[in-house]
Amino acid sequence: MAQKIKVWDGAVRFFHWAMVLLVAGLWYSGSEGYIAIHQLLAYSLASLLLARLAWGIWGSQSARFSQFAASPKAAIGYLRNTTPVAGHNPASSYMIFTLLALLILQVVSGLATFDNSYMNDGPLVALLPASWVDLASAIHQFNIDIILILITVHIAFALWHSWRHDNVIKTMITGTTELEGAMQPTLRGSWRFFVMLAVLLLLMYYWQGRALLALL
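This structure is a prediction, so every number in the text was calculated from the model and none was measured. (Residues numbered from 1 in each chain as written. Predicted model: local features only at pLDDT ≥ 70, side-chain atom pairs only at ≥ 80, totals over all residues. Heavy atoms only, no water.)

Participant: How do you make sense of the overall build of the chain when you look at a structure like this?
Facilitator: Scanning the chain from terminus to terminus reveals 8 helices and 2 strands. Counting helices and strands in the order they occur from the N terminus, the chain gives β-α-α-α-α-α-α-α-β-α. With the C-alpha coordinates of the chain rotated into their principal frame, the extents come out at 60 × 35 × 25 Å. Look at the contacts in the chain between residues 6 or more apart in sequence, and 74% of them connect residues 24 or more apart. Here the chain contributes 12 positively and 9 negatively charged side chains, and the mean placements of these two sets differ by 16 Å. (Helix = DSSP H or I, 4+ residues; strand = E, 2+ residues; numbered from the N terminus. Contact = heavy atoms within 4.5 Å. Lys, Arg positive; Asp, Glu negative; His and termini not counted. Charge placed at Lys NZ, Arg CZ, Asp CG, Glu CD.)

Structure follows, in structure tokens:
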């Protein structure tokens, strides 16, 4: 008999949907040339990613990377026999790790990317050789296309999985799901995540945010 269990804590759910909004805002602001807004969103994303990395080590059981990391054999086996699971499934774990890595690369390369107006260069531009800046700028430009493609694939599979198996989109909103024979993951208080995030945002604000807000 299926039982209702709490799978995702507030930290994971907030991270997921905040990341969706930030990536959309970063893509739009970068495309339209709103560089100061783009950079403010980028530092917000950097804070969010750092907090999630910490939560992936010390957070709730279902949020820890060690809990949903899977071998290629396990991922392929899951795709051949797809069933609902409490948390990230073995196949989706590869998409999650790939997106996290690419988003971190996007943030880091952005720190060394020059702006054509020379008013909002990344903070590392003045510290690095021109060849490194050119490389970082090129990576920053094409990496976002890879991220958007993978996000589209991720959304498509989430919709398919929600239609054919269990509603993972609803679960990421409510945090709860109904599964047979599933054990309740151990969840930690999400306030720890939000404290980390607030501290990181404050540090980013004092490092770069004040100067960027003055340009708006």
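The structure having been displayed, the exposition proceeds.
Participant: I would appreciate a short explanation of the packing of aromatic side chains in the present structure.
Facilitator: For any pair of aromatic rings, geometry is given as the distance between the ring centres together with the angle between the planes. Applying the stated criterion to the full structure yields 9 aromatic pairs. Ring centres of Trp55 and Phe193 lie 6.1 Å apart, and the angle between their planes is 70 degrees; on these two criteria the pair is classed as edge-to-face. Taken together, the positions of Trp55 in helix α2 (residues 35–58) and Phe193 in helix α8 (residues 191–214) put the pair 138 residues apart, joining distant regions of the chain. Considering the side-chain rings of Phe193 and Phe194, the 5.3 Å spacing of their centres and the 85 degrees angle between planes classify their relative orientation as edge-to-face. Three or more aromatic residues joined by ring pairs form one cluster here, namely Phe14, Trp55, Phe193 and Phe194. Just above the ring of Phe15 sits the side chain of Arg52; from NZ or CZ to the centre is 5.8 Å. (Phe/Tyr/Trp six-rings, centres within 6.5 Å; stacked < 30°, edge-to-face > 60°. Lys NZ or Arg CZ within 6 Å of the ring centre and 35° of its normal.)

Participant: Even after reading the chapter, I still don't get helix α6 (residues 130–164), so can you show me in this structure?
Facilitator: Think of an α-helix as turning once every 3.6 residues; residues three or four places apart then point the same way. Compared with an ideal rise of 1.5 Å per residue, which puts 35 residues at 51 Å, α6 spans 51 Å between its outermost C-alpha atoms and is within 8% of the ideal. Turning to α6, its buried residues are Val133, Ala136, Ser137, Ile139, His140, Asn143, Ile144, Ile147, Leu150, Ala158, His161 and Ser162. Buried residues belonging to α6 abut α2, α4 (72–80), α5 (90–111) and α7 (168–174). (Expected span 1.5 Å × (residues − 1). Buried < 20%, exposed > 50% of the residue type's maximum accessible area, 1.4 Å probe, protein only.)

Participant: Would you mind showing me how to read the side chain of Ser93 here?
Facilitator: Counting through the fold element by element, Ser93 comes out in helix α5. What makes Ser93 buried here is its relative accessible area of 0%. A polar atom in the side chain of Ser93 sits 2.6 Å from the backbone oxygen of Pro90. Leaving out residues up to four positions away in the same chain, Ser93 has contacts with Phe68 and Ala70. (Polar contact = N/O pair within 3.5 Å; in protein donor to acceptor, adjacent residues only side chain to side chain.)

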